[in-house]
Amino acid sequence: MTPALTQLESRMASNGGTATAVRDFMEKVIARTHGELEFHQAVWEVVDSVMPVVESTPAYRQAKILERIVEPERVVMFRVTWVDDGGEVHVNRGYRVQMNSAIGPYKGGLRFHPNVNIGMLKFLAFEQVFKNSLTTLYMGGAKGGSDFDPKGKSDNEVMRFCQAFMTELYRHIGPDVDVPAGDVGVGGREIGYLFGQYKKLTGRFHGVLTGKGTNYGGSLIRPEATGYGSVYFAQEMLATRGESVEGKVATVSGSGNVAQYTVEKLLQLGAKPVTLSDSAGMIHDPDGIDREKLAWVMQLKNVRRGRIGEYAKQFPGAEYLPGRRPWDVPCQLAFPSAFQNELDAEDARTLVKNGCYCVSEGANMPTTLEGINVFLDAGILYGPGKAANAGGVAVSGLEMSQNAGCLRRSSQDVDQQLQVIMRSIHENCVRYGQNGKAVNYVKGANIAGFVKVADAMLQQGVV
Ligand code: NDP
């Protein structure tokens, strides 16, 4: 057994009956994808849930659905060369991982972050396949990005980088082919520059990116959708116990797009968010982050592009804890909304010990495999990212349909659709994840997402 597999196995409590099949399968995946640790983690989590379904469905086994679903249909890697304000030439690496197009054109965000590598993007693209399937819309899964770090760069530098990135990417995308969106480090500013360059190169005003400005084809509520959706998903989970978010204390990590709109929706629904973070540390505000404080954070992060630590200077009741994450602050609800693997087993145990009983993931794979097991063993309401944060891509899907039909839906209409979709994702998770009285949302999301894609792959033959 490879060291990577031994390590993974010790971190995951497998489905008893299919543990050997999962291990054998993972051994082959790891042998073909050396060093892609986050991809291995994401694949293990899905395969562990779906193996009983695969084992009991001869057609899936014969068509080698599992072997095909872990292999990207296409990976594009390219050089991105640009010049900074001082005239120095920089070389970055760009990627697009087109993972699966069984149920629709490829769809998934672009991440600009110095740690981006092929393993990270394969994990994100793989997650995206199941997430997109769960939304009930017709979208395949993809992810892309670059090791470019937008932090500390001028607007002109970001623009030149985005133009250089799109100068290669435009050949591989299109409204019926692949429709990228934002992710970490790619917000409205970057999408605007990317769209401008696509239009310049192709001469076409296509709905080729989502998350666009609302004055040039973007959907209302798209910036809000991931954070709002994650809170709606928490509401659905809480409703199974006759509860709601109202009056609850909530911890939120991150302070970017997802975290900001998670806080906004929590406030609208009467909860009390008390934390935010960034890659340098966290703030704890026992009085609660209210609307005014949130508006200040949005200005800080989206306009001034400063650090969250400044919050404690602005609002003296709050404390800044450098290098820390929010998980030892007592709460009933937790919304990890920053980065993968930001919540480990110890954090999970601390959350549960302090009374947290509902976790809804705005980020992708923020909880480690060991952390997930702590939540499942404790029987708390745990909504994994591919279900809980699917609201963003769902509204991207609505943006695509608005662009195709030259339509414009109202905020109220889109928000209504978002709530309907989050409810339907929750219902599907319950349908496939009911476990006695409790619901295993990990299993439910993985199986519901998988079955739809697997059946489409079967129907389309060996391609
Ligand atoms: P943003 O770039 O807007 O914000 C990212 C946040 O995460 C920032 O607060 C950033 O801090 C923090 N962060 C970055 N790196 C680390 C790290 N290594 N450790 C701890 N915190 C870190 O991104 P989004 O809000 O869009 O994305 C957040 C998460 O949500 C990601 O996992 C993303 O994949 C996921 N997601 C996003 C969707 C969307 O619609 N945007 C859709 C579905 C999922 P700093 O400012 O210091 O970099």
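Look a little higher up for the structure.
The sections below set out a description of the structure shown in this document. (Residues numbered from 1 in each chain as written. Predicted model: local features only at pLDDT ≥ 70, side-chain atom pairs only at ≥ 80, totals over all residues. Heavy atoms only, no water.)

### Digging into helix α14 (residues 369-378)
Formally: Burial classes follow relative accessibility: with a 1.4 Å probe on protein chains only, a residue under 20% of its type's maximum area counts as buried, one over 50% as exposed, and anything between as partly exposed. Only DSSP runs of H or I covering at least 4 residues are called helices, and only runs of E covering at least 2 are called strands; the numbering of each starts at the N terminus.
Within α14, the full set of buried residues consists of L369, G371, I372, N373, V374 and F375. Just past α14, the residue G379 takes up positive phi, approximately 70°.

### Description of the site of the ligand
Where we set the bar: When we say a residue is near a molecule or strand, we mean one of its heavy atoms is within 4 Å of it. Two N or O atoms count as a polar contact when they lie within 3.5 Å, although within protein this holds only if one can serve as hydrogen donor and the other as acceptor, and sequence-adjacent residues are included solely when both atoms are side-chain atoms. Surface accessibility follows the Shrake-Rupley procedure with a 1.4 Å probe radius. Residue values consider only the protein chains on display as shielding.
Contacts to the ligand come from 26 residues, most closely from D183, T226, S279, R307 and N364. A distance of 2.9 Å separates an oxygen atom of the ligand from a polar atom in the backbone of V258. Contact between the ligand and R307: an oxygen atom at 2.8 Å from a side-chain N or O atom of the residue. Contact with the protein chains removes 84% of the 890 Å² of surface that the ligand exposes when unbound.

### Description of the side chain of K301
Tracing the backbone through its elements, the reader meets K301 in helix α11 (residues 291-304). A distance of 3.0 Å separates a polar atom in the side chain of K301 from a polar atom in the side chain of D278.

### With respect to the environment of R23
Relative to the assigned elements, R23 resides in helix α2 (residues 19-32). Spatially, the C-alpha atom of R23 lies 9.0 Å from that of D48, the residues being 25 residues apart in sequence.

### Side note on unusual backbone geometry
Non-glycine residue N341 carries a positive phi angle of around 55°. With respect to the element layout, N341 can be found in the loop between β11 (333-335) and α13 (345-353). Notably, M365 is not glycine yet its phi reads approximately 50°, a positive angle. Summarising the element assignment, M365 is placed in the loop between β12 (358-360) and α14.

### Quick look at the sheet that holds β12
This is how it is decided: Think of it this way: DSSP has to see at least two bridges between two strands before they count as a pair. Contact between two residues is taken to exist if any of their heavy atoms lie within 4.5 Å; hydrogens are not considered. Throughout, an axis means a line fitted to C-alpha atoms (over the contacting stretch in the case of helices), and angles, computed between N-to-C directions, take values from 0 to 180 degrees.
Pairing in this open sheet of five strands is parallel, and the strands run β7-β6-β11-β12-β13 from one edge to the other. The outermost strands of the open sheet, each flanked by one partner alone, are β7 (272-273) and β13 (381-383). In terms of strand pairing, strand β6 (residues 249-252) meets β7 through two bridges, oriented parallel. Following the sheet pairing, V249 is matched in β7 by K272. Contacting β6, β7 and β11, helix α10 (residues 257-268) runs over the sheet at an angle of about 170° to β6.

### A short note on the pattern of salt bridges
Going by this rule: Throughout this description, the term salt bridge denotes a Lys or Arg side-chain nitrogen within 4 Å of a carboxyl oxygen of Asp or Glu.
In this structure the tally under the stated criterion is 22 salt bridges. Between D155 and R189 there is a salt bridge, and its shortest N-O distance comes to 2.7 Å. Taken together, the positions of D155 in helix α7 (residues 155-169) and R189 in helix α8 (residues 188-202) put the pair 34 residues apart, joining distant regions of the chain. Across the salt bridge formed by K301 and D278, the nearest N and O atoms sit 3.0 Å from each other. Remark: D278 occurs in strand β8 (residues 275-278) and K301 occurs in helix α11; sequence separation between them is 23 residues. Looking at K301, the relative accessible area reads 15%, which means it is buried. Since its relative accessible area comes to 15%, D278 is described here as buried. Through salt bridges with shared partners, a single network forms among E45, E127 and K386.

All quantities given are derived from atomic positions and should not be read as evidence of function.
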